Amino acid sequence: MSQTNKLKIFNDPIYGFITIPNSLVYDLIQHPYFQRLRRISQMGLSYLVYPGAHHTRFQHALGAMHMMQQAVEVLRFKGVSISKEEENALYVAILLHDIGHGPFSHAMEHSIVEEVNHEAISLLFMDKLNEEFDGQLSLAIQVFKGEYHRKFMLQLISSQLDMDRMDYLKRDSFYSGVAEGNINSDRLIQMMNVENDVLVMEEKAIYSIEKFLMARRLMYWQAYLHKTSLVAELTLTKTLQRAKELLQKGISVECSRPLKYFMEHKVTLDSFSNDDLDTFAQLDDFDIISALKEWQYHDDFILSSLSKMIINRDLSKIKLNSEKFPVEVLQEMSTRFAKEHNISLQDAKYFIFKGKIKNQAYSIESEPIRIFKKDRTIEDVVEASDQLNLKALSKPVTKYFICFPKVLSEK
């Protein structure tokens, strides 16, 4: 196959044409591990709230790589030396940063592969691909792990103002229609620079950064932590936990081979073998949805009820509050529900439960967004901004929730 055939372009609804920079990136995109991301939705079950939010992690990974191409161009223009190897490592690392996400990401992490987070699985995929590609991903892995001496390279991939966040805010806002999340990524990238191998933002970017942080806060409340998306994801987590519990009791639960494998085997990071990785690479949203369609007819009242809730979008009620809900409320509901449906109080926990969510647009504890001032000094954006709202954005806001079936609210 000739080299030129690999320099294809993708047509993206947000940025227009995205070019594939070289044949290694092309071959990685073509790999079955990466193609799987076409079958994993970027925003989980948010399409139950925003009907347009059906975009995939595949689109997001390509978009983040496109942003990285722009960033490399801007930094080189400003005199930052980035070798061909380093440039390549940045493209590969950002392209593969989410490759370890399972179907409906976070629901999986809390129920099926409980002890291994998606970042760890991403690294396992990268290591395996590095073997297949004769070590061509070594530098990308070093950067991704934060082991490379040029700190700004990791900051472009993972920080409070990275290419990952820039693409997902713009993309998720575009597909969900939540206009408040839209950001001016072009301007933010134009304002980037590197000082002593650390990523800095020019002083005149300050208002764009404020807008970016505000957009992030609003996207969390309006989209990622939207109460209906939240209750859908929690219901899915409970459904998967129930299926796992039944299987472990020896009760037959029909689902795809890869899904059943992870339900029956407790896989930890230390025991995650190459075979496990290949099985994980067979898992996507379709395994979960087809399992739910099957389970709605299961003899088990809990499994069938929870599955129907998601398939028919007939979800539980969820109430949010700035204060914790009293335990008595939960107990009273659980007792009533258990009695009505002839199930144990323990089983009622699948339907009635509480928890909390936290939203923090900017973290003071994490690596700061650094403003490079005209006098060549560097300041944290919170200090450099004349807006008091940035201090407010760095305070974590916690909300408490309680979930219960609709029938309980009708009485």
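Residues numbered from 1 in each chain as written. Predicted model: local features only at pLDDT ≥ 70, side-chain atom pairs only at ≥ 80, totals over all residues. Heavy atoms only, no water.

Asks: Explanation requested: the pairing of strand β2 (residues 16-19) in the structure shown.
Replies: As a general feature of sheets, a regular strand has side chains that alternate between the two faces. Where strand β1 (residues 9-12) meets β2, 4 bridges bridge the pair, whose relative direction is antiparallel. Among the inter-strand pairings, Asp 12 is bridged to a residue of β2, identified as Gly 16. (Pairing = 2+ DSSP bridges. Helix = DSSP H or I, 4+ residues; strand = E, 2+ residues; numbered from the N terminus.)

Asks: Help me out: how do you make sense of helix α3 (residues 57-77) in this one?
Replies: The α-helix winds at 3.6 residues per turn, so residues separated by three or four positions along the chain end up facing the same way. With 21 residues, α3 ought to run about 30 Å at 1.5 Å a step, and its terminal C-alpha atoms sit 30 Å apart, in line with that. One or two positions beyond α3, positive phi appears at Gly 79, with a value near 90°. (Expected span 1.5 Å × (residues − 1).)

Asks: Explanation requested: unusual backbone geometry in the structure shown.
Replies: Negative phi characterises most residues that are not glycine, and trans characterises most peptide bonds. Positive phi values are uncommon outside glycine, yet Asn 196 reaches one of about 50°. Among the secondary structure elements, Asn 196 is positioned in the loop between β3 (192-195) and β4 (198-202). The exposure class assigned to Asn 196 is exposed, which follows from its relative accessible area of 69%. Despite not being glycine, Arg 313 shows a phi value in the positive range, around 50°. Tracing the backbone through its elements, the reader meets Arg 313 in the loop between α16 (301-311) and β5 (317-321). (Buried < 20%, exposed > 50% of the residue type's maximum accessible area, 1.4 Å probe, protein only.)

Asks: Just to check I follow, could you spell out the sheet that holds β3 for this structure?
Replies: Backbone-to-backbone hydrogen bonds join strands into a sheet, with any given pair of strands oriented parallel or antiparallel. Taken together, the 4 strands give an open sheet; going across it, the order is β3-β4-β7-β8, and neighbouring strands pair in mixed fashion. The outermost strands of the open sheet, each flanked by one partner alone, are β3 and β8 (378-380). Averaged over all pairs of adjacent strands, the angle between their axes in this sheet comes to 45°, without regard to strand direction. Note that strand β7 (residues 370-372) and β8 share 3 bridges and pair antiparallel. (Axes fitted to C-alpha atoms, helices over the stretch in contact; angles between N-to-C directions.)

Asks: Sorry if this is basic, but what is going on with the packing of helix α12 (residues 227-248) against helix α13 (residues 257-264) here?
Replies: Packing of α12 against α13 leaves a shortest axis separation of 9 Å and a crossing angle of 75°. Considered as vectors, α12 and α13 are oriented roughly perpendicular to each other. Side by side, α12 and α13 meet where Leu 240, Ala 243, Lys 244, Leu 247 and Gln 248 of the first sit next to Lys 260, Phe 262, Met 263 and Glu 264 of the second. Counted by class, the contact of α12 with α13 contains 5 nonpolar, 1 polar and 3 charged residues. (Parallel < 35°, antiparallel > 145°, perpendicular 65-115°, else oblique. Contact = heavy atoms within 4.5 Å. Nonpolar A, V, L, I, M, F, W, Y, C, P; charged D, E, K, R; others polar.)

Asks: Please explain the sheet that holds β5 as it appears in this structure.
Replies: The antiparallel open sheet is built from 3 strands, whose spatial order is β5-β9-β6. Pairing within the sheet leaves two strands with one partner each, and these edge strands are β5 and β6 (353-359). Mean inter-strand twist for the sheet, computed between neighbouring axes without regard to direction, equals 25°.

Asks: What's the story with the environment of Arg 171 in this structure? I'm lost.
Replies: By the element assignment, Arg 171 lies in helix α9 (residues 163-176). Remark: the alpha-carbon pair of Arg 171 and Ile 14, spanning 157 residues in sequence, is separated by 7.3 Å. Not counting the four nearest positions on each side in its chain, Arg 171 is found in contact with Asp 12, Ile 14, Tyr 15, His 55, Gln 59, His 60 and Gly 63.

Asks: Hey, could you run me through the pattern of salt bridges in this one?
Replies: Two side chains that carry opposite charge are able to pair once their charged atoms sit near each other. On inspection of all chains with the given rule, the structure shows 24 salt bridges. A salt bridge links Asp 12 to Arg 171; its shortest N-O distance comes to 3.0 Å. Taken together, the positions of Asp 12 in strand β1 and Arg 171 in helix α9 put the pair 159 residues apart, joining distant regions of the chain. A salt bridge links Glu 115 to Lys 266, with the nearest nitrogen and oxygen atoms 2.8 Å apart. Placement of Glu 115 in the loop between α5 (105-109) and α6 (118-132) and of Lys 266 in the loop between α13 and α14 (274-280) is noted, with a sequence separation of 151 residues between them. With a relative accessible area of 46%, Glu 115 lands in the partly exposed category. We classify Lys 266 as exposed; its relative accessible area is 65%. (Salt bridge = Lys/Arg side-chain N within 4 Å of Asp/Glu carboxyl O.)

Asks: Just to check I follow, could you spell out helix α15 (residues 285-295) for this structure?
Replies: For α15, every residue scored as buried is listed here: Asp 285, Asp 287, Ile 288, Ala 291, Leu 292 and Trp 295. Taken down its axis, α15 places every buried residue within 160° of arc, on the same side. Buried residues along α15 sit in contact with α5, α12, α13 and α16. Sitting at the amino-terminal end of α15 is Asp 284, which places a side-chain oxygen 2.9 Å from the backbone nitrogen of Phe 286. (Arc of directions from axis to C-beta. Polar contact = N/O pair within 3.5 Å; in protein donor to acceptor, adjacent residues only side chain to side chain.)

Asks: Would you mind going over the layout of surface pockets with me for this structure?
Replies: In this approach the atoms are scanned with a rolling probe the size of a water molecule, which exposes any empty space left behind. Taken as a whole, the largest pocket holds about 1500 Å³ of empty space. Together, 50 residues line the largest pocket, and His 106, His 118, Tyr 168, Tyr 220 and Tyr 224 are the ones closest to its centre. Breaking the lining of the largest pocket down by element, the ones donating at least two residues are α3, α5, α6, α8 (151-157), α9, α11 (206-224), α12 and β6. By residue class, the composition of the lining of the largest pocket is 16 nonpolar, 21 polar and 13 charged. Quantified by volume, the second largest pocket comes out at close to 240 Å³. What lines the second largest pocket is a set of 14 residues, among which Met 309, Asp 314, Pro 405, Lys 406 and Val 407 lie closest to the centre. Those elements that provide at least two residues to the lining of the second largest pocket are α16, α17 (327-341) and α21 (406-409). Counting residues per element, the lining of the second largest pocket draws most heavily on α16, which supplies 4 residues. In the lining of the second largest pocket, the residues fall into 7 nonpolar, 4 polar and 3 charged. (1 Å grid on protein atoms, 1.4 Å probe; cavity = no way out; pocket = protein on both sides within 12 Å on 5 of 7 lines; lining within 4 Å. Points joined across faces, edges and corners; volume = space filled by probe spheres on them.)

Asks: Mind showing me how you'd approach the side chain of His 55 here?
Replies: Along the chain, His 55 falls in the loop between α2 (32-35) and α3. Classification of His 55 by relative accessible area gives buried; the value is 1%. In this structure the side chain of His 55 is engaged in a polar contact, spanning 2.7 Å, whose partner is the side chain of Asp 172.

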